Amino acid sequence: MKKQNPYRVLGLITARGKSKGLPKKNVLPVGGKPLLAWTIEAGLESRSIDRLVLSSDDEEIMKVASEYGCDVPFRRPDHLASDEAGSIQVALHALEILPNYDFVVLLQPTSPQRSAEDIDNAFKLMLSQDASCCVSICATQESPYLMFGMNDGNRLYSLIPEVPKSLRRQDLRPTYRVNGAIYIARTDYLKNTESFFGNECVGYEMPLSRSLDIDDAEDFEFFRLQIESASGSATEEKDQ
């Protein structure tokens, strides 16, 4: 498959073993394969990524990643697998070990619905806008213009300083949230800013239907039922 761009691009899957919301979620089976495998397959199919690697502290996760074709060139240090460690530090650690890449694409296994096409389209969008970074987003279901805080006297105050005169949903500007599926940055930008965001960032919009971010057992069950329902529908169509 022909590469889409001339840059050296590192794909980085981050999957630690100490998940509190849903223990061992990265290796739980769904749709006939571990959750982690959904992201590995998308990364390997991407025409933008040169090398796909895993950053993990967990031997079982590392073994599963290798079995599904993802490189595991190092073990993540324990201090970068704690609750306090952030994705930026994990990405910078990977870039220290694996230098000479122009871009890094961070992929979280908790976003299994993101596709190789999403990765490639996000990368193309970033390049077309001459941006230094790109994150995937989706439309918010509830507008922040309709959200309020409340002080001790039960008085409401708007969370957004400039409230539109009309609060009818159809009159409000569209708003978006980061869905956690794709984070891309020029490596020099990431090293200098330690962020995937800022004025240099563009947003790649994904549909809400593919923006699930699995955090707990309820999220995982929702995804499992989606996959089983889709598989059942496909089987019925084939039998007809």
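Here, every reference points to the structure presented above.
Just so it is clear, the structure is predicted and the values come from calculations on it, not from any experiment. (Residues numbered from 1 in each chain as written. Predicted model: local features only at pLDDT ≥ 70, side-chain atom pairs only at ≥ 80, totals over all residues. Heavy atoms only, no water.)

**Some points on the environment of arginine 16**
Part 1: With respect to the helices, strands and loops of the structure, arginine 16 is situated in the loop between strand E1 (9-14) and strand E2 (29-30).
Part 2: Overall, the relative accessible area of 24% leaves arginine 16 in the partly exposed class. (Helix = DSSP H or I, 4+ residues; strand = E, 2+ residues; numbered from the N terminus. Buried < 20%, exposed > 50% of the residue type's maximum accessible area, 1.4 Å probe, protein only.)

**Here's the deal with the layout of surface pockets**
Part 1: Of the volumes computed, that of the largest pocket is approximately 500 Å³.
Part 2: In terms of lining, the largest pocket is formed by 23 residues, of which the most central are Thr14, Arg16, Lys25, Gln108 and Thr110.
Part 3: Residues belonging to the lining of the largest pocket are distributed by class as follows: 7 nonpolar, 9 polar and 7 charged. (1 Å grid on protein atoms, 1.4 Å probe; cavity = no way out; pocket = protein on both sides within 12 Å on 5 of 7 lines; lining within 4 Å. Points joined across faces, edges and corners; volume = space filled by probe spheres on them. Nonpolar A, V, L, I, M, F, W, Y, C, P; charged D, E, K, R; others polar.)

**Here we look at the side chain of threonine 187**
Part 1: Mapping threonine 187 onto the fold places it in helix H5 (residues 187-193).
Part 2: The contacts of threonine 187, once residues within four sequence positions are left out, are Leu95, Tyr101, Asp102, Phe103 and Val104. (Contact = heavy atoms within 4.5 Å.)

**Description of the sheet that holds strand E4 (residues 51-55)**
Part 1: What the 6 strands build is an open sheet, ordered E4-E1-E5-E9-E6-E10; its pairing is mixed. The strands lining the two open edges of the sheet, one partner per strand, are E4 and strand E10 (201-205). Adjacent strand axes in the sheet meet at a mean angle of 30°, parallel and antiparallel pairs treated alike.
Part 2: Sheet topology note: the strand E6 (residues 133-139)/E10 ladder contains 5 bridges and is parallel. Bridging across to E10, serine 136 finds its partner in tyrosine 204. (Pairing = 2+ DSSP bridges. Axes fitted to C-alpha atoms, helices over the stretch in contact; angles between N-to-C directions.)

**Brief notes about the pattern of salt bridges**
Part 1: Summed over the entire model, instances satisfying the criterion amount to 8 salt bridges.
Part 2: The shortest N-O distance in the salt bridge between arginine 51 and aspartate 71 comes to 3.0 Å. Of this pair, arginine 51 sits in strand E4 while aspartate 71 is found in the loop between helix H2 (59-67) and helix H3 (87-97), placing the two residues 20 residues apart along the sequence.
Part 3: For arginine 51, a relative accessible area of 27% puts it in the partly exposed group.
Part 4: Judged by relative accessible area, which is 34%, aspartate 71 ranks as partly exposed.
Part 5: Linking aspartate 118 and arginine 210 is a salt bridge whose minimum nitrogen-to-oxygen distance equals 2.4 Å. Pair noted here: aspartate 118 is in helix H4 (residues 116-128) and arginine 210 is in the loop between E10 and helix H6 (217-239), with a separation of 92 residues, a long-range link.
Part 6: Classification of arginine 210 by relative accessible area gives partly exposed; the value is 30%. (Salt bridge = Lys/Arg side-chain N within 4 Å of Asp/Glu carboxyl O.)

**Here's the deal with the pairing of E6**
Part 1: For E6, the buried fraction is high: 6 of the 7 residues fall into the buried class.
Part 2: Bridge count for E6 against strand E9 (residues 176-186) is 6 bridges, and the pairing is antiparallel. Looking at E9, one finds that cysteine 134 is bridged to isoleucine 184.

**What to know about a nonpolar patch on the surface**
Part 1: Taken together, the side chains of Met147, Tyr157 and Leu159 define a hydrophobic patch exposed on the protein surface, amounting to about 290 Å² of accessible area.
Part 2: By the element assignment, methionine 147 lies in the loop between E6 and strand E7 (148-150).
Part 3: On the basis of relative accessible area, methionine 147 is assigned to the partly exposed category, the value being 35%. (Patch = residues over 30% accessible without salt bridge, like charges linked within 9 Å, V, L, I, M, F, W, Y side chains within 5 Å. Areas by Shrake-Rupley, 256 points an atom, 1.4 Å probe, with all protein chains shown as cover.)

**Digging into H4**
Part 1: Helix length check: H4, at 13 residues, gives a terminal C-alpha distance of 18 Å against a target of 18 Å (1.5 Å per residue), a fit within 8%.
Part 2: All of the buried residues in H4 are Ala116, Asp118, Ile119, Asp120, Ala122, Phe123 and Met126.
Part 3: Each element contacted by the buried residues of H4 is listed here: E1, helix H1 (35-45), strand E5 (103-107), E6, E9 and E10. (Expected span 1.5 Å × (residues − 1).)

**A short note on the packing of aromatic side chains**
Part 1: Enumeration according to the criterion identifies 5 aromatic pairs in this entry.
Part 2: Residues tyrosine 7 and phenylalanine 103 carry aromatic rings whose centres are separated by 5.2 Å and whose planes lie at 80° to one another, so their mutual orientation is edge-to-face. Of this pair, tyrosine 7 sits in the segment before E1 while phenylalanine 103 sits in strand E5, placing them 96 residues apart in sequence.
Part 3: On the accessibility criterion, phenylalanine 103 (0% relative accessible area) is buried. (Phe/Tyr/Trp six-rings, centres within 6.5 Å; stacked < 30°, edge-to-face > 60°.)

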